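So you can see what is in the structure, the chains are spelled out below.
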Amino acid sequence: MNARKITPVILSGGAGTRLWPLSREHFPKQLLALSGPRSMLEETLQRFADVTRFTPPLIITNEALRFPVAEQLLHSGITGGSIVLEPVARNTAPAVAAAALMAVAADPEAMILVVASDHVIGDVPGFLNRVQAALPAAQAGRLITFSIIPTRPETGYGYIHHGAPLAGHPELFDVAAFVEKPDVERAQRFVAAGDYFWNSGMFLFSAQTFLDELALHAPAVLEAAGRSLAERQTDPQFVRLGAEAFAASPKISVDYAVMEHTDRAATIPCDIGWADVGSWGELWAIADKDADGNVVIGDGMAERARNCYIRSDHKLVAVLGIDDLVVISTDDAVLVMPRQRSQDTRLVVDRLRDAKRSELTSHSRVLRPWGSYQSIQTGERFQVKQLTINPGGKLSLQMHYHRAEHWVVVNGTALVTRDDQTLMLRENESIYIPAGAMHRLENPGKVPLNLIEVQSGGYLGEDDIVRVDDVYGRVAAEGAKK
């Protein structure tokens, strides 16, 4: 059987709130550089850069993350990839179903490798060797899951109980059972038994075989994915799945929908330095430490402290005389907790969600396709922001009902449209945009444009925007922001 190129399907729609406050819903962990110089998504993309082994990837994400994902795909140097937008979150099975349908449409014999965008793999060549070792069984109709040889009795992962060796494929095993996340005692028994491995959530299979099994075990998922793909809208950057059809799918994972029911499941054990970076404790576990077991990232220091994870992305953080703590500081939030309770960040996240706090969703610096803005100060009926517009960047042609804006150029050149006027502003020049005026801001230069925006009015929310024209396709997007 000839080896075929494999299509990577990269799942990149998660909110990553367990790594709050660094990870936010609108800029989650997979877009951050947490374990190296590149973001986790870029690290994932680089694993599949070999065009002799892999086709361009399919990236599954959502509307809110579409522009940073597109930017990181561009920076990765991977060409030809497709970005598929889920209209609502429905867990992994509907997303993989849509990707499998797309892959089969392009190649009826397509092989797909499903991975998450937020996993660490220390031994990438070892991982790729495991993929190649599993490929013949996948081509023969098996659904392969990658199981990880455990290094400790971990309670944050599900487990796979290995069965008998797979006939004709000595490196693979039948799956005896999938096991939910255990308590400490069961996890200790699993590791001691030697035939329970961590479930990585990575899969390799023929796209058509997966669809066939989905039709048997979760037909509602397949039907919803098929209709959403038939109703898709496409533009040069994105494939938007049909919203109503996709929302009709059950919320269910690939494991629950197919893998736990099929008689085609097999697994290949891996020792590849894998970690699902789902908590600050996990990041501490995989990071390089000093002589006292501390991890210090950014502007931080630890004195007479042991086994702490300290990270500051803004100001100096100093700790003294503490053990086993996590201390995370951003410019708008600080988190302090015992390292052993790092899985409990969700308790804070739930309170933030109930209180509708903006710190859950966005950083103070918010990325946009044209650049970024950062809130500097907010008060009664006013707000001050710093805007950075990339060379060639252009905001939408828009107006506001409730606020006026005053722009002061700090450096660079600004081309401003205000109603029927077009003006060029340079350093230290300014312009006033009254409420109701149609306006646009763009950077025609070759260096970033930085300016200060002072908003004033009775309502300063980002949803007070009426777009008339937008080069990034946001005019029709519900709830889109400037």
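Residues numbered from 1 in each chain as written. Predicted model: local features only at pLDDT ≥ 70, side-chain atom pairs only at ≥ 80, totals over all residues. Heavy atoms only, no water.

**Describing the overall build of the protein chain**
Worth spelling out the cut-off: Secondary structure elements follow DSSP: runs of H or I of four or more residues count as helices, runs of E of two or more count as strands, with numbering from the N terminus. Accessibility here uses a 1.4 Å probe with only protein chains present; expressed as a share of the type maximum, an area under 20% marks a residue as buried, one over 50% as exposed, and anything in between as partly exposed. To be clear on the numbers: accessible area is Shrake-Rupley with a 1.4 Å probe, and residue cover counts the displayed protein chains and nothing else. In this tally, Asp and Glu contribute negative charge and Lys and Arg positive charge; neither His nor the terminal groups of the chain are included. Charged groups are reduced to one reference atom each: NZ for lysine, CZ for arginine, CG for aspartic acid, CD for glutamic acid.
If you tally the helices and strands in the protein chain, you get 11 helices and 28 strands. C-alpha extents for the protein chain along the principal axes are approximately 75 × 60 × 40 Å. Here the protein chain holds 482 residues, and 52% of them are scored as buried. A total of about 21,500 Å² of accessible surface is found on the protein chain, and carbon and sulfur atoms cover 51% of it. Counting 47 positive and 58 negative side-chain charges, the protein chain places the centres of these two groups 2 Å from one another.

**Let's talk about helix 2 (residues 66-76)**
Put simply, the rule reads: The contact rule is simple, with two residues in contact once any of their heavy atoms fall within 4.5 Å.
Summarising burial for helix 2: eight of the 11 residues are buried, a large majority. Every buried residue belonging to helix 2 is among Arg 66, Phe 67, Pro 68, Val 69, Ala 70, Gln 72, Leu 73 and Ser 76, and all of these are buried. Turning to helix 2, the residues buried within the fold contact helix 1 (40-46), strand 2 (58-62), strand 3 (82-86) and strand 11 (238-240). After helix 2 finishes, the residue Gly 77 shows a positive phi value of roughly 85 degrees.

**Quick word on the sheet that holds strand 19 (residues 371-379)**
Worth spelling out the cut-off: Strands are labelled as partners when DSSP assigns at least two bridges between them. Axes here refer to lines fitted to C-alpha atoms; in helices the fit is confined to the stretch in contact. Angles between the N-to-C directions go from 0 to 180 degrees.
Ordered in space as 18-19-20-27-22-25, the six strands form an open sheet in which the pairing is antiparallel. Two strands bound the open sheet, and with one partner strand each, they are strand 18 (365-368) and strand 25 (430-433). Within this sheet the neighbouring strands show an average axis-to-axis angle of 20 degrees, counted without direction.

**A word on the sheet that holds strand 14 (residues 295-303)**
Here we have four strands laid out as an open sheet, ordered 14-15-16-17, and mixed in their pairing. Unpaired on one side and paired on the other, strand 14 and strand 17 (334-338) mark the two borders of the sheet. In this sheet, adjacent strand axes meet at a mean angle of 15 degrees when their direction is disregarded. Alignment of strand 16 (residues 325-329) against strand 17, held across five bridges, turns out to be antiparallel. Across the sheet, residue Val 326 finds its bridge partner in strand 17, namely Met 337.

**Digging into the packing of aromatic side chains**
Here the distance between the centres and the angle between the planes together describe a pair of aromatic rings. Rules: By convention, a stacked pair of Phe, Tyr or Trp rings (six-membered ring in the case of Trp) has centres within 6.5 Å and planes under 30 degrees apart, an edge-to-face pair has planes over 60 apart, and any other such pair is tilted. In this scheme, Lys NZ or Arg CZ marks a charge over a ring once it lies within 6 Å of the ring centre and within 35 degrees of the ring normal.
Evaluated as defined, the whole model comprises 12 aromatic pairs. Residues Phe 48 and Phe 54 carry aromatic rings whose centres are separated by 5.0 Å and whose planes lie at 70 degrees to one another, so their mutual orientation is edge-to-face. Considered together, Phe 48 and Phe 54 belong to a single accessibility category, that of buried residues. By the ring-pair criterion, three or more aromatic residues cluster together here, those being Phe 67, Phe 238 and Tyr 472. The aromatic ring of Tyr 373 is capped on one face by Lys 385, whose charged end is 4.0 Å from the ring centroid.

**Considerations on unusual backbone geometry**
Note the cis peptide between Trp 20 and Pro 21, where omega equals 10 degrees. One non-glycine residue, Asp 419, lies in the positive phi region at around 55 degrees. Here Asp 419 shows up in the loop between strand 23 (414-418) and strand 24 (421-425).

**Some remarks on the pairing of strand 1 (residues 6-11)**
Condition: Seen with its strands pointing away from the viewer, a crossover is right-handed when the path leading from the first strand over the helix to the second is clockwise.
Taking burial as the measure, the six residues of strand 1 include six buried ones, the bulk of the element. The alternating pattern of strand 1 places Ile 6, Pro 8 and Ile 10 on one face and Thr 7, Val 9 and Leu 11 on the opposite face, and all of these are buried. Inspection of the sheet shows strand 1 paired to strand 4 (residues 111-116) by six bridges, in the parallel sense. Each residue of the ladder has a partner; that of Leu 11, found in strand 4, is Ala 116. Taken together, the three bridges between strand 1 and strand 2 define a ladder with parallel strand orientation. Bridge pairing in strand 2 links Leu 11 to Ile 60. Chirality of the crossover, the property in question, places the unit of strand 1, helix 1 and strand 2 among those that are right-handed.

**Here's the deal with the confidence of the model for the protein chain**
Stated formally: pLDDT: the predictor's confidence for each residue, scored from 0 to 100.
With 98% of its residues at a pLDDT of at least 70, the protein chain reaches an overall mean of 93. Across residues 478-482, confidence stays below pLDDT 50; counting only partners more than four residues off in sequence or on other chains, it has 21 contacts.

**Looking at helix 4 (residues 124-139)**
This is how it is decided: The span expected for a helix works out to 1.5 Å for each residue beyond the first. To get the bend at any residue, fit one axis to the seven residues that end at it and another to the seven that begin at it, then take the angle between the two axes. Identification of polar contacts relies on pairs of N or O atoms within 3.5 Å, with a donor-acceptor requirement for protein atoms, meaning one able to donate a hydrogen and the other able to accept it, and with residues adjacent in sequence counted only if both atoms are side-chain atoms.
Its 16 residues place the ends of helix 4 22 Å apart at the C-alpha level, agreeing with the 22 Å of an ideal helix rising 1.5 Å per residue. In the structure, helix 4 departs most strongly from a straight axis at Ala 133, where the bend amounts to approximately 30 degrees and where the proline Pro 136 lies between one and four residues downstream. Looking only at helix 4, the buried set comprises Gly 126, Phe 127, Leu 128, Arg 130, Val 131, Ala 134, Leu 135, Ala 137, Ala 138 and Gln 139. Near the N-terminus of helix 4, the side chain that reaches the backbone nitrogen of Gly 126, with its oxygen 2.9 Å away, is that of Asp 123.

**Some words on the packing of helix 3 (residues 92-106) against helix 6 (residues 207-217)**
Formally: Angle categories: roughly parallel below 35 degrees, roughly antiparallel above 145, roughly perpendicular from 65 to 115, and oblique for all the rest. Crossing handedness follows the turn of the near helix against the far one: under a right angle anticlockwise gives a left-handed crossing, and clockwise gives a right-handed one.
Between helix 3 and helix 6, the least distance of the axes is 9 Å, while the angle of their chain directions is 130 degrees. The angle between the axes of helix 3 and helix 6 places the two elements in the oblique class. Helix-helix and strand crossings are classified by hand; for helix 3 and helix 6 the assignment is left-handed. Contacts from Val 96, Ala 97, Ala 100, Leu 101, Ala 103 and Val 104 of helix 3 reach helix 6 at Ala 207, Gln 208, Phe 210, Leu 211 and Leu 214.

**Thoughts on the packing of helix 3 against helix 7 (residues 219-230)**
Applied cut-off: Residue polarity follows a fixed list, in which Ala, Val, Leu, Ile, Met, Phe, Trp, Tyr, Cys and Pro are nonpolar, Asp, Glu, Lys and Arg are charged, and the others, Gly among them, are polar.
One way to put it is that helix 3 packs onto helix 7 with a least axis distance of 9 Å and a crossing angle of 55 degrees. In terms of orientation, helix 3 lies oblique with respect to helix 7. Classified by chirality, the crossing of helix 7 by helix 3 is right-handed. The segment helix 3 lies against helix 7, with Ala 93, Pro 94, Ala 97, Ala 98, Leu 101 and Met 102 engaging Val 221, Leu 222, Ala 225, Gly 226 and Leu 229. When its residues are assigned to classes, the contact of helix 3 with helix 7 shows 10 nonpolar, one polar and no charged.

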